[in-house]
Every structure is written in structure tokens, then in C-alpha cells.
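Examining the three-dimensional arrangement
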Amino acid sequence: MRCLAARVNYKTLIVICTLFTLLTVLLWNHCPSDSSLHFLPRAVLLAPSPKVGDASISSQQHPPQPPEPPPVVGITGGIKYEEIDCLVNDESIVKCRREGTEIYMPFSWMEKYFEVYGKLVQYDGYDRFEFQHSYSKVFAQREPYHPSGVFMSFEGYNVEIRERVKCISGVEGVPLSTQWGPQGYFYTIQVAQYGLSHYSKNLTEHPPHVEVYDTAEEKDNQASSASWRVPSGCSLIRVRDKTRATFVRQFSASEPCEGVSLLLDNPNDFIISLDIKFISNGSVSVTLETTERSLPFTIHYVTNTKLIAFKDREITYGIGPRTTWSTLTRDLQTDLRKGVGLSNTKAVKATKIMPKRVLRILLHGHGFIDNITVSTTAHMAAFFAASDWLVRNQDERGGWPIMVTRKLGEGFRPLDPGWYSAMAQGQAMSTLVRAYLLTRDQVYLSAALKATGPYKLPSAQHGVKAVFMNRYDWYEEYPTSPSSFVLNGFIYSLVGLYDLTETAGEKLGWEASQLYSRGMESLKAMLPLYDTGSGSIYDLRHFILGTAPNLARWDYHTTHINQLQLLASIDNSPIFQDMLKRWKNYLKGIRAKHN
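Calculation rules
Residues numbered from 1 in each chain as written. Predicted model: local features only at pLDDT ≥ 70, side-chain atom pairs only at ≥ 80, totals over all residues. Heavy atoms only, no water. pLDDT = per-residue confidence, 0-100. Contact = heavy atoms within 4.5 Å. Patch = residues over 30% accessible without salt bridge, like charges linked within 9 Å, V, L, I, M, F, W, Y side chains within 5 Å. Areas by Shrake-Rupley, 256 points an atom, 1.4 Å probe, with all protein chains shown as cover. Salt bridge = Lys/Arg side-chain N within 4 Å of Asp/Glu carboxyl O. Helix = DSSP H or I, 4+ residues; strand = E, 2+ residues; numbered from the N terminus. Buried < 20%, exposed > 50% of the residue type's maximum accessible area, 1.4 Å probe, protein only. Core = buried A, V, L, I, M, F, W, Y, C linked by side-chain atoms within 4.5 Å. Lys, Arg positive; Asp, Glu negative; His and termini not counted. Expected span 1.5 Å × (residues − 1). Polar contact = N/O pair within 3.5 Å; in protein donor to acceptor, adjacent residues only side chain to side chain. Disulfide = S-S within 2.5 Å.

What follows covers the confidence of the model for the chain. For any part of a model where pLDDT is low, the fine detail of the predicted coordinates should not be relied upon. In the predicted model, the chain carries a mean pLDDT of 90, and the fraction of residues at 70 or more is 86%. Of the regions scoring below 50 in pLDDT, residues 1-8 engages in zero contacts with residues more than four places distant in sequence or in other chains. In the predicted structure, residues 32-61 sits below a pLDDT of 50 and forms 15 contacts with residues beyond four places in sequence or in another chain.

Here is the structure:
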């Protein structure tokens, strides 16, 4: 037995030794090679401090020690890199990295110091860093500009979702701005851009998907009315309307009736449209399932003039009395988000709530309804809402007064409510001309022709005209005192004059043609004043007031480029081509040559 035990212990010892050897080899193979080893510098050993009066200690025995080198952080490709202090402009220290003879500065510092832009992205499964000298993009000019075509790059504009658009008015059907005041006001530039953007989208996007839910004119009326729910105390009948010469549905849903409803159950599209006529106070309510997992939201369109209200998942828009037939078209996604984000500040609060499904429509009051649809888009409805607003709100002088105070900056006298803007006049003309070309309705062309009025009057006489150096006519986006000479607003005013000149013909458009020619002469002469050698300038306050230049942000710089591309497509003057080439290069950091 002793022999057996000794034999077992001996075998166990051999197994343990073998395992220990294998483990040692494995660990050794996982250690870094000599080429990748690095060591932090050892701390300098200091000798004991000499005693006072100890003559045996001399300064030669203990010379001053050099400072410690910075710690080695790592090795990449055989090149050591280490932290190093970078002194910037003799003012501040930035922690940098030295790698051989190269010095690397943190991008977070470079981004702020040089105003450049970059981000990490995944490309083909790998991370890469993308660097941009500017953040804004230039849109290619598709074809030579024409008054009936796309307006610049406005198909990419989404005016209604801007944070300083309070909502789309239920009464007027156009945006209400809070750009310079939280109370909200109609800003002609924003209204025109709303119309021009939807006009341009209509030309560049696929036709919308339209789901028809009810039309009383259908032959198979029983099928078309199958989804209506008419509780006790309410009524819904099919009648013939003499003014429309069609059949419509007449509804009656007074309290305590819960209302006449139509099931929609649409998970894809969120633009609702219907023809409506009320003969009493009433409402059209739309119930939405949203991304918020709880009770649905309801948007009420009520026959009053209240702008917008939000309380307890109920959003209310006033749509006016609607006592004659009209078409109500609403973007439910925009209406939902503007309601949930409602605030007392200039900006609408951001929200992640989105509609998921249009559940049903509910009618209250007494009236008539027809042609209920839900669609992907309704661009032309938005375009004509803007065009008709411009016709209704033009004053006797041909302008659209802006009813809010505008302070352009120190040195300029504030603009009191009621001022005109040449940019507003020009973009309104561009909108009205397109409405005329689509409909041939003389009302739109007449309004566009009348809009030239403020161009002919100096700013001091409630117009928009300034004169630079007593020679060059300029149409002011902001008719300030002294003049400000804003570039992008001036070019938009010229585009409007061009649209009108080309559309109205030689006789009717003669005045617009003269204004356009004088403006283009001024632009060609003054354009170099807006070139910094590395970007462009927003206005000429540095010349007028003797202050620092008001440099154009990159998005304004690309607006200048997009405008010059448009002008270059209708005018072959070399200055437009030369300036375009130079200003595009500035976006990539290519500057003008120095001496």
C-alpha cells in the first residue's frame, strides 16, 4: 500500500509539473515582444540633503538635475508618441501629442479655434474621420432658371418645421412666425418661402399617394358610407348641393350627441383634406395614435379664430367660421408637433412624439362635408394658401407691411412695425408669378405688378430703395437708416423682378424690367465689396458704420453661391462665373493669394 501511495503521489507530481510548464509557455507567448516594450523613465534618486557647514560636500559632486522628460504614452508603428504642451499665441496651453517629428493637436480645440467641422462615421464597416472646412452644401443648378420652374434649391426647405414657426394658422393656412417676437406674426418672407418650397417639391417629388375615404358623389353610395358611425341623436344624410352641383353629406351632431365619426385607420399618410361648410358653430376632430404609448391625441379644428391651444392630449386650432364651402387641408404631423411643443418663447419646444396612425374623424355641429382624403403630401394646397394670402394682404402701396420691430444692430435705427422688405417683395413676386402661370388668373399677375411700388421709393419715404455712393440703386431687405446693403435679400429682390419681367411681357413688365436692369448694374459693380478672400460678407455695415465686417455664416455664404448660380444661368457676365469659382473654393479652405 505504501508503494502504491508513493507511486500515485509521484504521478500526481509529474502531472502538476507538466501543467505548470504548459501554463508558463502560454503566458510567455502572450507577452509583448521587445519591439513593443516601453518603460516610463525612472524617478531620479536624490542624495540626502547636506548638513549646513559640511565642507566635504561640493556643488560639483551634485550638479543640478535636468527636468524629467514627459512620460511615453505608447508606441505606434515603431514610433513613440508622448504628451507635450503646446503654447498657443503666448496665451494658453493645450495638451498635444508628439509622434516623431509630428505634433498633433486635439480636434476639439481645432474645431473651435479654426471654426472647422468633423465627425466620426462608419464606412464599409470601418471608422473614419470626415473633416470639413465648412458645414453648408452648395446645390447644383439643374438647368437654366425659369419663372415657372423650381425656385433655387427651395425643394429642400421645410418652412413649417422651423422652430421659430409657431404653427400653420388654421384660418389663413400659412406659417405664423416668432422670429422676432413670441406673440407670433405673419412674416411675408416666410409665407412666400412656404409657398415656393411646396411649389418646388411638387415639381421634384413623385405624385402623392391619396386615399379617398368618402365622397357623396360616388355611385355606390352604400359602400362609401359603410364606415360612418351615426349615434342616436345625430344624423347624416346625402343631399344635393345646388352651388356645387354635386351630392354632399349633411351632418347634424349637437350635444349631447357624441358626434358623427368616420373610421380612417391610416398608418402611412398624415395629410388630411376635406371640403366643409358649417351652418352653426362646430368642429372637425382627428384622433391620432402616436409614438407615445398611452392614450391617443386628438386635434380639434374649431369654428373660431383662436390660434392654437394644447391641454391634456387635446390640441385645438381655430379655422374661422367656414360658413361657405372651403377646403380644409392640414398636415397632421406638423399640427401635432407644434401643439405638443407649444411654448411662450420664440422657439417651439422640441418633441419626439410622432403620429403613427390616423384613427378617425369626428364631426360636431351642423353642416355639410365632402371629399375626405388622406394623402402623403398636398404641396399645391400649401402653395395656393401662400399665394392667396399674398393677394388678400397686399396693401394699397403694393407692399406687405411687416408688423414687428426689427433691430438690425448697433448703429442702425430700429425699424418700426409697418416696414417693407425688398426681399419680401421679390419672393412674393416669384410666388405670385408662378400662381399666375399655373392658373392664368389675372389677380395673381396684377398683385405681382403692383408689388414694384416700394422699389421706387427711398427707404426714408416708406420704400425700400437705397443708393450706394450716390450712384448705384440698391433694394434693401431691411430699409434701415443708415442703409445696410444686405446682399442675399437684394439678390432675392432681383429674382422677383426678373420673374415678373419675363412673365408680364414687354408692355406690362416694362417698369419691372427697368428696376431689374438698374439693380443688376449695381450688383455687378458692388459684388467684389462682399468678398473677404476667405468667405463672403452679409452686409456693408463695416463700410457704412466703420465697424468690423459682418461676416456671412457658411449657410449664408452658400446661399450667396446658390443665388449667383441662378444669376449665372440667365446672365453670362464674367463676374458671376469668377465669383462663383472663388466662393466655392472658400468652402474648402482655399483662400485668395496673399502678397
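Nonpolar side chains collect at one region of the surface, where Leu120, Phe129 and Phe131 lie side by side and expose about 330 Å² of accessible area between them. Tracing the backbone shows Phe129 in strand β6 (residues 126-132). Here Phe129 falls in the partly exposed class, since its relative accessible area comes to 42%.

So, about the nonpolar core. Among the nonpolar cores identified, the biggest contains 88 residues, and Tyr478, Leu497, Leu523, Leu527, Leu564, Phe576 and Trp583 are the most heavily contacted of them. Residue contributions to this core peak at 10 residues, all from helix α9 (residues 487-508). Ignoring any residue separated from it by four or fewer positions in sequence, one finds Leu527 in contact with Leu487, Leu564, Ile575, Phe576, Met579 and Trp583. Counting residues in hydrophobic clusters, the runner-up holds 36 residues, among them Trp228, Leu264, Val284 and Leu328.

Note that Lys166 resides in strand β7 (residues 165-168). For the buried Lys166, no salt bridge is present, and the opposite-charge side chain at shortest range is Glu163, 13 Å distant. Apart from residues lying up to four places away in sequence, Lys166 is in contact with Leu176, Thr178, Pro182, Gln183, Leu307, Ile308, Lys338, Leu342, Ser343 and Val348.

Another aspect to go through is helix α6 (residues 379-393). The end-to-end C-alpha distance of α6, which contains 15 residues, comes to 21 Å, matching closely the 21 Å that a straight helix rising 1.5 Å per residue would cover. Of all the positions in α6, only His379, Ala382, Phe383, Ala385, Ala386, Ser387, Trp389 and Leu390 are classed as buried. In this structure, the buried side of α6 is in contact with α3 (188-204), α7 (422-439) and α8 (442-450).

This part takes up the side chain of Glu82. Relative to the helices and strands, Glu82 resides in strand β2 (residues 79-88). A polar atom in the side chain of Glu82 sits 2.3 Å from the side chain of Arg98.

Another aspect to go through is the state of the cysteines. Inspection of the entire model under this criterion finds two disulfides. What pairs with Cys86 in a disulfide is Cys96, and their sulfur atoms sit 2.3 Å apart. Here Cys96 lies in strand β3 (residues 92-99) and Cys86 lies in strand β2, a separation of 10 residues in the sequence. A relative accessible area of 13% places Cys86 in the buried class. Two residues, Cys234 and Cys257, share a disulfide whose sulfurs are 1.3 Å apart. Between Cys234 and Cys257 the disulfide shows an S-S torsion of about -70 degrees. By sign, it is left-handed. Of this pair, Cys234 sits in the loop between β10 (228-229) and β11 (235-241) while Cys257 sits in the loop between β12 (246-253) and β13 (260-266); the two residues are 23 residues apart in sequence, bridging distant segments of the chain.

Residues other than glycine predominantly adopt negative phi, and peptide bonds predominantly adopt the trans conformation. Note that the residue after Glu255, namely Pro256, is joined by a cis bond; omega there is 10 degrees. Note that Pro256 resides in the loop between β12 and β13. Residue Pro482 is bonded to the preceding Ser481 through a cis peptide linkage, with omega at 0 degrees. Structurally, Pro482 can be placed in the loop between β22 (472-475) and α9. With a phi angle near 60 degrees, Asp90 is a residue other than glycine that sits in the positive phi range. Structurally, the position occupied by Asp90 is in the loop between β2 and β3. Here Asn470, not a glycine, exhibits a phi torsion of approximately 60 degrees, which is positive. Topologically, Asn470 is positioned in the loop between β21 (465-468) and β22.

Scanning the entire structure with this criterion turns up 21 salt bridges. Arg244 is the partner of Asp275 in a salt bridge, and the nearest nitrogen-oxygen pair spans 2.9 Å. Taken together, the residues span a long stretch of sequence, with Asp275 in strand β14 (residues 271-278) and Arg244 in the loop between β11 and β12 at a distance of 31 residues. Look at Asp275 and you get buried, because its relative accessible area is 11%. Between Asp571 and Lys524 there is a salt bridge; the shortest N-O distance is 3.0 Å. Linking Asp571 in the loop between α12 (554-570) and α13 (574-586) with Lys524 in helix α10 (residues 510-526), this pair joins segments that are 47 residues apart in sequence. A residue is classified by how much of its surface remains accessible, and Asp571, at 16% relative accessible area, is buried. When salt bridges with common partners are traced through the structure, they connect Asp265, Glu289, Lys356 and Arg357 into a single cluster.

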